[in-house]
Protein chains: 2
Amino acid sequence: MSDALTLLQNHGQATITYLQEALVRQTDAPPRLLQAMDYSLRAGGKRLRPALVLECFNACGGSAVGSYPSALAAAGAMELIHTFSLVHDDLPAMDDDDLRRGRPTNHKVFGEAMAILAGDAMTTLAFELIAVDAEARLVGPMVAELARQTGPVGMIGGQVLDMDSENQALALPDLQRIHRMKTGALLMASCRLGALAGGADQNKVQAMGDFGRYLGLAFQIVDDLLDVISTAEQMGKATGKDADRGKNTYPILLGLEPARLQAQQQLATALKILDSFGSPADGLRSLAKFVVERSN
Amino acid sequence: MSDALTLLQNHGQATITYLQEALVRQTDAPPRLLQAMDYSLRAGGKRLRPALVLECFNACGGSAVGSYPSALAAAGAMELIHTFSLVHDDLPAMDDDDLRRGRPTNHKVFGEAMAILAGDAMTTLAFELIAVDAEARLVGPMVAELARQTGPVGMIGGQVLDMDSENQALALPDLQRIHRMKTGALLMASCRLGALAGGADQNKVQAMGDFGRYLGLAFQIVDDLLDVISTAEQMGKATGKDADRGKNTYPILLGLEPARLQAQQQLATALKILDSFGSPADGLRSLAKFVVERSN
């Protein structure tokens, strides 16, 4: 557990430093736009996606045969896409949240128009970083993967399904589909980009993607559980809102204990996939366990 | 003039057909999200950016030495980015427009949340199309160019400056900077992507970019002029709104006739750049003149 926290902190710090430098490189951009982007990027969070990129890079032997600059670009891109999605999700027209990670949401500080534009700019910057900083032969596969898992069949598509299913009773397979797209797609992309940067062959990229997919399901179930049982103070955002909104969640559909069991089963499946990667995947194992055992 | 209309129609049709097919390829995406994207993509407009991509491709001898699939991917990507910017600009938190190209705006039909997400999804699809459909060696340069000209130092940055300058008197250089970013950046990117797909060397890519930059200035001046002198019926959107909003425009800063003269001068500079491209650039010349002489 402490290993995971150290990994998250170190990889998170490397990624944020890289992103700060990338913002500085956008000379001639309106300062207030960069401030709005910087505000949400700094706001903290676990930095899980960058850590997954960089530990999948390590698990594939990336330090020997891979391209660390490509991995760092991918880590930055994943954090940008994740942060953009939070900024847009928090908007009044979407979830209408005032608080995120214990601080006022972007539109509360910078206004709604700027929050929309800051989110838009984070998306384009994500692709710019990969195009500029990743190894030339990796740019195509990385951009294709990131765009697909972010877009209509990935996170954004999942967000639409989630929105449309509020106040409707869902069957478990439908809920799983939403989770797979809304959360799983970006975790899967993080793992696949890390593997690509690490010089992995197609089989290993596929395996890492599968690992991310199962981990994503476990992650979302735990998120749902924490919404039910945590206090707002622990989570740094309003809790208990899922039920208030009539959202479909694992604990609501299955009950608390069966939901916990599901999370453990998905984790076990994810860990099984790592068996063939041996000890270089130790960091990744530690991260995966942390995801399921965390309390915020 | 009729040449330009034919070019716009043909290139526009090829691009829209390509984009429709791309939407169909997003199997498993929520149908309503694809409908919202399709609604605004179909809604018409001049299709100037795709036509610029494909005529810059032609001007560089692309049909002999270039990659048409790369040019078509770039044309589709430019139209997606342009359309996303309109959908987000029309939102209540931004310009709050109910009418666009003679039809209700995206959020009026699909709701605000869906309009935000549809715009987001158009952005990621733009990058996906280039990554998947353009020639591998062109993906890096194309994604870098598109992302940069869309992001904080390009269109989105220009949008922020424009927003922040409402109800403030601007000097001409400040207004030109806003136009260069808000409109010029995407026209420049269209031309540079077309040249890249056409197999142009660095000098020609640069020349095409400069052509697009001057054309962009002319385009924006004419847009400002049309806002003053056209009827809503001709424009398919509300007119006279710039002055109502306290926006800085060329006719307001310079007066009508000097603004018209400025547009002609920028056009002349743009056309001069095309001299070295000979007759393959005839379509591009025709498009450039159309941009300045159009009445809607």
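Residues numbered from 1 in each chain as written. Chains lettered and ligands numbered in written order. Predicted model: local features only at pLDDT ≥ 70, side-chain atom pairs only at ≥ 80, totals over all residues.

Undergrad: What am I meant to see in the overall build of chain A here?
TA: From N to C terminus, chain A includes 16 helices and two strands. Over its C-alpha trace chain A gives a radius of gyration of 18 Å, about what one expects of a compact globule, namely 19 Å for 296 residues. Its C-alpha atoms give chain A principal-axis dimensions of about 50 × 50 × 35 Å. Relative to its full complement of 296 residues, chain A shows a buried share of 57%. Expressed as a percentage of contacts within chain A between residues at least 6 apart in sequence, the contacts between residues at least 24 apart total 74%. (Helix = DSSP H or I, 4+ residues; strand = E, 2+ residues; numbered from the N terminus. Rg over C-alpha atoms; globule rule 2.2 N^0.38 Å. Buried ≥ 20, exposed ≤ 12 C-beta atoms within 10 Å, placed from the backbone. Contact = placed C-beta atoms within 7 Å.)

Undergrad: Explain the packing of helix α7 (residues 112-133) of chain A against helix α7 (residues 112-133) of chain B to me, please; I cannot follow it from the model alone.
TA: Interaxial distance between α7(A) and α7(B) falls to 10 Å at its minimum, and their mutual angle equals 15°. In terms of their interaxial angle, α7(A) and α7(B) are classed as roughly parallel. You can see that α7(A) and α7(B) cross each other, and the crossing is right-handed. Here α7(A) contributes A:I116, A:D120, A:T123, A:T124 and A:F127 to the contact with α7(B), which in turn contributes B:I116, B:D120, B:T123, B:T124 and B:F127. Partitioned by chemical class, the residues of the contact of α7(A) with α7(B) number four nonpolar, four polar and two charged. (Axes fitted to C-alpha atoms, helices over the stretch in contact; angles between N-to-C directions. Parallel < 35°, antiparallel > 145°, perpendicular 65-115°, else oblique. Left-handed = near helix turned anticlockwise from the far one by under 90°. Nonpolar A, V, L, I, M, F, W, Y, C, P; charged D, E, K, R; others polar.)

Undergrad: Would you mind going over the relation of the copies chain B and chain A with me for this structure?
TA: You can overlay chain B on chain A at an RMSD of 0.0 Å; the transform is a turn of 180° with a shift of 0.0 Å along its axis. Here the copies are linked by what is in effect a two-fold axis. Of the interface residues in chain B, 100% have counterparts in chain A that sit at the interface too, so the contact is made through matching surfaces. (Least-squares fit on C-alpha atoms with pLDDT ≥ 70 in both.)

Undergrad: Looking at this structure, I do not really get the packing of helix α11 (residues 202-229) of chain A against helix α16 (residues 282-293) of chain A. What am I missing?
TA: In a packed pair of helices, the relevant descriptors are the angle between the two axes and the axis-to-axis distance. Residues and elements named next belong to chain A. Contact pair α11 / α16: the axes reach a minimum separation of 8 Å and the direction vectors enclose 25°. Comparing their axes, α16 and α11 come out roughly parallel. Taken together, the residues of α16 that come into contact with α11 (itself represented by L215, A218, F219 and V222) are A288, V291 and V292. Per-class residue counts for the contact of α11 with α16 are seven nonpolar, no polar and no charged.

Undergrad: Which parts of the structure should I look at to understand helix α16 (residues 282-293) of chain B?
TA: Structural remark: α-helix, 3.6 residues per turn; residues separated by three or four positions point the same way. Taking 1.5 Å of rise per residue, the 12 residues of α16(B) would be expected to cover 16 Å, and the 17 Å separating its terminal C-alpha atoms lies within 8% of that figure. Looking only at α16(B), the buried set comprises B:G283, B:L284, B:S286, B:L287, B:A288, B:V291 and B:V292. (Expected span 1.5 Å × (residues − 1).)

Undergrad: Would you mind showing me how to read unusual backbone geometry here?
TA: Leaving glycine aside, a negative phi is the common case for residues, and trans is the common case for peptide bonds. All names here are of chain A. Its identity is not glycine, yet R47 carries a phi of approximately 60°, on the positive side. Assignment of secondary structure puts R47 in the loop between α2 (31-42) and α3 (48-59). By the C-beta count within 10 Å, which is 23 here, R47 ends up buried.

Undergrad: Honestly, the interface of chain B and chain A in this entry has me stumped. Any pointers?
TA: Often, the extent of an interface is quoted as the loss of accessible area upon association of its parts. Each side of the interface is counted separately: chain B has 42 residues, and chain A has 42 residues. Sorting the residues of the side of chain B that touches chain A by element identifies α2 (31-42), α7, α8 (136-150) and α9 (155-164) of chain B as the ones contributing at least two each. Top element by residues in the side of chain B that touches chain A is α7(B). It accounts for 14 residues. Partitioning the side of chain B that touches chain A into residue classes produces 27 nonpolar, nine polar and six charged.

Undergrad: Which parts of the structure should I look at to understand the environment of A:E79?
TA: All names here are of chain A. Within the fold, E79 resides in helix α5 (residues 68-89). C-alpha separation for the pair E79 and P50, spaced 29 residues apart in sequence, amounts to 6.3 Å. Apart from the residues lying within four places of it in its own chain, the contact partners of E79 are T15, L19, R47, R49 and P50.

Undergrad: Would you mind going over the environment of A:D89 with me for this structure?
TA: Residues and elements named next belong to chain A. Secondary-structure assignment places D89 in helix α5. Along the primary structure D89 and Q159 are separated by 70 residues, whereas in three dimensions their C-alpha atoms are 8.6 Å apart. For D89, the contacting residues outside a window of four places in its chain are M94 and D95.

Function cannot be inferred from these measures alone, as they are strictly geometric.
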